[in-house]
Amino acid sequence: MTDQSRPTPTPRTAAVIPAAGRGVRLGPGAPKALRALSGTPMLIHAVRAMANSRAVSLVVVVAPKDGAAEVKHLLDEHALPERTDFLVVPGGETRQESVRLGLAALPADITAVLVHDAARPLVPVDTVDAVVEAVRDGAPAVVPALPLADTVKEVEPGEKGEPEPVVATPARARLRAVQTPQGFDRATLVRAHDTIAASGEGATDCAGMVEQLGVPVVVVPGHEEAFKVTRPLDLVLAEAVLARRRANDGF
Ligand SMILES: Nc1ccn([C@@H]2O[C@H](COP(=O)(O)OP(=O)(O)OP(=O)(O)O)[C@@H](O)[C@H]2O)c(=O)n1
Ligand SMILES: C[C@](O)(CO)[C@H](O)COP(=O)(O)O
């Protein structure tokens, strides 16, 4: 019998930050998450972006495979909110594997999980909070996303540099470019990783695996500043965003 006089406890939310990628598209250098933006490692910006949400009580950083000690040291030497706990685990060969390793490190009382790319260091806290709120309102999977500015063509991929035949032009008004953090009911995300990854299938984001389970995924508004640092020009944009923030509010 349940005690109806007791209030329902607020779900304890953790953020898992996959940060174990190399950053091949960014060019030669340190692993992408450890490269500096305005003098601070990209990873620290991403960790602060999660920890600045009052809803997030634990941040799990999935570090480059042989970089866990360095990441622990970085977390120790940068100012981070005291109310947040931090864990560091070594990552895997793919983003999917790194997320799975992060999920495996979560304590039992975590019921909601955000998965956030270290490569999206500048996501505003309002976007993080909007994702958490939708999960707390009962959505098993939530992604922030933006409408597209470009028209998208589906092609028959060919040899590099060769013209590729267009197969279709999806209706742009129905398309969204998906960002992170993506938010999940923990049990749903773990089930997706256990069943979809085990079947050899995968997806380029966590929500794609949840969709393959047949579980509904919803979109909330994303933010332009939540862009992914992927190629060198993205670093220029990231520095410009940080300079504008400093000018606006002394950040
Ligand atoms: N084995 C991997 C690969 C990627 N990631 C993380 O997943 C996020 C999104 O990946 P992406 O932007 O593709 O990063 P990289 O894999 O580093 O980039 P690239 O494909 O250019 O090497 C990044 O925060 C990255 O660190 C990870 O944790 N483990
Ligand atoms: C998860 C993601 O950022 C959503 O847009 C994206 O799919 C990651 O792709 P990547 O090739 O691993 O950067």
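Chains are numbered independently. Their residues run from 1 in the order of the written sequence. Chain letters and ligand numbers both follow the written order, the letters beginning at A and the numbers at 1. Under the rules for a predicted model, residues below a pLDDT of 70 receive no local features and side-chain atom pairs below 80 are neither given nor counted, while totals for whole chains, interfaces and linings still include all residues. With hydrogens and water excluded, all non-hydrogen atoms of the structure serve as input to the side-chain values.

Side note on the UniProt feature "site: Positions MEP for the nucleophilic attack" (unreviewed entry) in the protein chain
UniProt positions are given in the numbering used here, feature names are shortened, and annotations may be inferred rather than shown by experiment. Under the UniProt annotation, "site: Positions MEP for the nucleophilic attack" (unreviewed entry) lies at Arg172 and Lys228. Within the annotated group just given, the residues that line the largest pocket are Lys228. Only heavy atoms matter for contacts: two residues are in contact if any of them lie within 4.5 Å across the pair. Apart from residues no more than four positions distant in its own chain, Arg172 is found in contact with Leu148, Ala149, Asp150 and Thr151. A polar side-chain atom of Arg172 sits 2.7 Å from the main-chain carbonyl oxygen of Ala149. With respect to the element layout, Lys228 can be found in the loop between strand 12 (218-221) and helix 7 (232-249). Residues within four places of Lys228 in sequence aside, it is in contact with Arg25, Asp117, Ala119, Arg120 and Asp234. The method works on a 1 Å grid over the protein atoms by themselves. A cavity is a set of points holding a 1.4 Å probe that cannot get out, a pocket is an open set with protein on both sides within 12 Å along at least five of seven lines, and residues with an atom within 4 Å of a point line them. By the criterion applied in these results, polar contacts are pairs of N or O atoms within 3.5 Å in which, for protein atoms, one can donate a hydrogen and the other can accept it, and in which residues neighboring in sequence qualify only through two side-chain atoms. Counting from the N terminus, the helices are DSSP H or I runs at least four residues long and the strands are E runs at least two residues long.

Description of the site of ligand 2
Close contacts around ligand 2 come from Arg25, Arg95, Asp117, Arg120, Val178, Thr180, Thr204, Asp205 and Lys228, and that covers them all. In this structure, an oxygen atom belonging to ligand 2 sits 2.8 Å away from a side-chain N or O atom of Arg120. A distance of 2.8 Å separates an oxygen atom of ligand 2 from a polar backbone atom of Thr204. Each accessible area value is a Shrake-Rupley result obtained with a 1.4 Å probe; residue values ignore everything except the protein chains displayed when judging cover. Its free accessible area being 360 Å², ligand 2 has 74% of it covered by the protein chains. Judged by the proximity of its atoms to the pocket grid, ligand 2 belongs to the largest pocket. Counted by class, the shell around ligand 2 contains one nonpolar, two polar and six charged residues. We call a residue near a given molecule or strand whenever any one of its heavy atoms falls within 4 Å of it. Each molecule is assigned to a cavity or pocket provided more than half of its atoms lie within 2 Å of the corresponding grid points. Gly is placed with the polar residues, together with every amino acid not listed as nonpolar (Ala, Val, Leu, Ile, Met, Phe, Trp, Tyr, Cys and Pro) or charged (Asp, Glu, Lys and Arg).

Details of the layout of surface pockets
Its volume calculated, the largest pocket comes out at about 840 Å³. Forming the walls of the largest pocket are 31 residues, and the residues nearest its centre are Gly21, Arg25, Lys32, Arg95 and Asp117. Grouping the amino acids of the lining of the largest pocket by side-chain chemistry returns 10 nonpolar, 10 polar and 11 charged. Grid points are joined across faces, edges and corners, and a volume is the space filled by probe spheres set on the points. Here the second largest pocket defines a volume of roughly 460 Å³. As for the second largest pocket, its lining consists of 15 residues, of which Arg120, Ala177, Gln179, Phe227 and Lys228 are closest to the centre. Sorting the residues of the lining of the second largest pocket by element identifies strand 7 (141-147) and strand 10 (176-178) as the ones contributing at least two each.

What about the pattern of salt bridges?
Think of a salt bridge as a Lys or Arg side-chain nitrogen and an Asp or Glu carboxyl oxygen that are within 4 Å of each other. For the structure shown, the criterion picks out seven salt bridges. One salt bridge connects Asp117 with Arg120, and the closest N-O pair in it is separated by 3.2 Å. There is no split in this pair, since Asp117 and Arg120 are both buried. Of the charged contacts in the structure, one is a salt bridge between Arg245 and Glu225, with a shortest N-O distance of 2.8 Å. A residue pair is termed long-range when its members are at least 10 positions apart, and Arg245 in helix 7 and Glu225 in the loop between strand 12 and helix 7 qualify at 20 residues. Three exposure classes are used, based on accessible area relative to the maximum for each residue type with a 1.4 Å probe and protein chains only: buried under 20%, partly exposed in between, and exposed over 50%.

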